[in-house]
Amino acid sequence: MDLLDHNRRMARNNLWSNDRLYRAVLQLEPGEFDAERTSFFPSIKATLNHILAVDHLYLDFLEQGGVGAAAHDDFVPFDEPQALFAAQVASDRRLIAFCDHLSTDDLDRRVITDRREDGKIPERIGDLLAHLFIHDIHHRGQVHAMLSGTSVKPPQLDEFFLDYDMKLRKAEVERLALGNQANATS
């Protein structure tokens, strides 16, 4: 597997992991989604909205959309988990499409990131993708931990890459139309 393939698999892992996490979140009892909790952000709702806001920012950087920092700063948080889930799926699909159209040379290509207070900073696409994947994993882990204090059991989120785990994710991979890119031996 090369780095380009790795990024494509990570984009698919984002969709799969978010799907599992949101399916748990959608089972929460009334009030649990926005209940105050101990974490980096004060609730499951705030954390999931933050993930999506940063996804929008980085997708704008990667696609050179020209929105810049406003993609994050003007983000309007979702109040309902169903609508937030739908928006996250759309963002995850957009990231998959972006990664699928990359070439190996694109990973070293620099795009301008508008950090408002720090100005416009050229960054490598491969570095932006690595940061985005780490960011999303980091905050999904926080949501996962917060779910431990709710009526819903946190889902398993590390069964994506190994052939050994295929039996545990096969139906989801098919339902999400992730294809062979989700299988480490493809």
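Our structure is the block above this text.
Please read these numbers as outputs of a predicted model, since none were measured by experiment.

**Here we look at the packing of aromatic side chains**
The geometry of an aromatic ring pair is captured by the separation of the ring centres together with the interplanar angle, meaning the angle of the planes. Overall, the coordinates contain 6 aromatic pairs when judged by the stated rule. An aromatic cluster of at least three residues, connected via ring pairs, comprises W16, F160 and F161. Here the guanidinium or amino end of K167 rests over the ring plane of Y164, the centre of that ring lying 4.0 Å away. For R169, the ring lying beneath its charged end belongs to F160, and the centroid distance is 5.8 Å.

**Examining the pairing of strand β2 (residues 120-124)**
Sheet topology places strand β1 (residues 110-114) next to β2; 5 bridges connect them, and they run antiparallel. Paired with D114 across the two strands is K120, which belongs to β2.

**Focus on unusual backbone geometry**
Its identity is not glycine, yet Q64 carries a phi of approximately 55 degrees, on the positive side. Within the element layout of this structure, Q64 appears in the loop between α2 (44-63) and α3 (70-73). Although it is not a glycine, A177 adopts a positive phi angle of roughly 55 degrees. Tracing the backbone shows A177 in the segment after α6 (166-175).

What counts and what doesn't
- Counting of residues starts from 1 at the beginning of each chain's written sequence and follows it residue by residue.
- The model is predicted, so local features are restricted to residues of pLDDT at least 70 and side-chain atom pairs to those at 80 or more, both for listing and for counting; the totals for chains, interfaces and linings are taken over all residues.
- Excluding hydrogens and water, the side-chain values take into account all heavy atoms of the structure.
- Each Phe, Tyr or Trp ring (for Trp, its six-membered ring) is paired with any other whose centre lies within 6.5 Å, and the angle between the two planes then decides the class: stacked below 30 degrees, edge-to-face above 60, tilted in between.
- The rule is short: NZ of Lys or CZ of Arg within 6 Å of the ring centre and within 35 degrees of the ring normal puts a charge over the ring.
- DSSP-based pairing: two strands are paired if at least 2 bridges between them are found.
- Each helix corresponds to a stretch of at least 4 residues labelled H or I by DSSP, and each strand to a stretch of at least 2 residues labelled E; elements are numbered beginning at the N terminus.

All quantities given are derived from atomic positions and should not be read as evidence of function.
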